[in-house]
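An overview of the molecular structure
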Amino acid sequence: MKLEVTLFEKAGMHNTEETLKIAKKFADENNITDIVIASTSGETGIKAADIFDSKKTNLVIVTHSYGFVKPGYQEMPDENRKKLTDMGIKVLTAGHALSGAERSFRNSLGVWLPVELFARFLRSTVCDGFKVCIEISTMAADAGLVTVDKDIIAIGGTGKGSDTALLLKPADSSNLFGMKVRAILCKPREF
């Protein structure tokens, strides 16, 4: 397998289109058919739908959970979710694998628990998008939208948009140590 790694000078949404194209090229060259993408508003998911062929690709868009910003609120507008599902793309909204209920302890009591510490470690040592890719892959595996027996490409970012793409073998949250990051396709150098 030949691998070319792209390091973006700075993190952020201005890297979205290039990140999606890098992932698409690698997927085509290496027969990767499962692509998991973080998309808060649905805009990145819609851009991905224009680049990836949803008839040949299992495209899974993972949103923030309800209540991520404020109680009961979902950041992805219904019209974007409908656009994606009308194209045959799976949209997953679930509790976050690397924070979930632990965030409540931090927000209410100021106590950091192990899973959130692990997420913070990934963010600070590799980049935000790396943590997001690990998290959304786990969430997709937990929901049965990808299998844990073959490699996928996960795409995430810093804030809005995408700036990181990984080739990885996903794992369910109950077997997180079974996840294997095979390659970094792109990421920001400065984050």
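What this report covers is the structure whose coordinates are included nearby. Since this is a predicted model, take the numbers as computed values, not measurements.

**Some details on the packing of aromatic side chains**
All chains considered together, the criterion is met by zero aromatic pairs. When the ring centre of Tyr 73 is taken as origin, the NZ or CZ atom of Lys 70, which lies over that ring, is 4.9 Å away. Between the NZ or CZ atom of Arg 106 and the centre of the ring of Trp 112, over which it lies, the distance is 4.7 Å.

**As for the pairing of strand β6 (residues 164-169)**
With respect to burial, β6 is a largely interior element, five of its six residues being buried. With five bridges joining them, strand β5 (residues 152-156) and β6 adopt antiparallel strand pairing. Bridge assignment links Ile 153 to a residue of β6, and that residue is Leu 167. Where β6 meets strand β7 (residues 180-190), five bridges bridge the pair, whose relative direction is antiparallel. Residue Leu 167 lies in a different strand from β7, and its bridge partner there is Ala 183.

**Considerations on helix α3 (residues 78-86)**
An α-helical turn contains 3.6 residues, so any two residues separated by three or four positions project in the same direction. What α3 keeps buried is the set Asn 80, Arg 81 and Leu 84. Buried residues of α3, seen end-on, are gathered within an arc of 100° and therefore sit on one face of the element. Across α3 from its buried face, at more than 90 degrees, point the exposed residues Asp 78, Glu 79 and Asp 86. Buried positions along α3 lie against α2 (43-51), β3 (58-62) and β4 (90-92).

**As for the environment of Arg 123**
Along the chain, the position of Arg 123 falls in helix α5 (residues 114-125). Linking Arg 123 and Gly 178, residues 55 residues apart in sequence, is a C-alpha distance of 20 Å. Excluding residues within four positions of it along the chain, Arg 123 makes contact with Asp 128, Lys 131 and Phe 191.

**Focus: the sheet that holds β5**
Hydrogen bonds along the backbone pair up the strands of a sheet, which may run parallel or antiparallel. Ordered by their spatial adjacency, seven strands build an open sheet running β1-β7-β6-β5-β2-β3-β4, and the pairing between neighbours is mixed. Of all the strands in the sheet, just β1 (6-10) and β4 have a single pairing partner and so form its edges. Between one strand and the next, the sheet's axes are offset by a mean angle of 20°, whatever the strand orientation. Both strand β2 (residues 34-38) and β3 contribute to a ladder of five bridges, which runs parallel. Counted as the bridge partner of Ala 38 is Val 62 from β3. Along the sheet, helix α1 (residues 16-30) makes contact with β1, β2, β5, β6 and β7, crossing β5 at roughly 180°.

Calculation notes
Residues numbered from 1 in each chain as written. Predicted model: local features only at pLDDT ≥ 70, side-chain atom pairs only at ≥ 80, totals over all residues. Heavy atoms only, no water. Phe/Tyr/Trp six-rings, centres within 6.5 Å; stacked < 30°, edge-to-face > 60°. Lys NZ or Arg CZ within 6 Å of the ring centre and 35° of its normal. Buried < 20%, exposed > 50% of the residue type's maximum accessible area, 1.4 Å probe, protein only. Helix = DSSP H or I, 4+ residues; strand = E, 2+ residues; numbered from the N terminus. Pairing = 2+ DSSP bridges. Arc of directions from axis to C-beta. Contact = heavy atoms within 4.5 Å. Axes fitted to C-alpha atoms, helices over the stretch in contact; angles between N-to-C directions.

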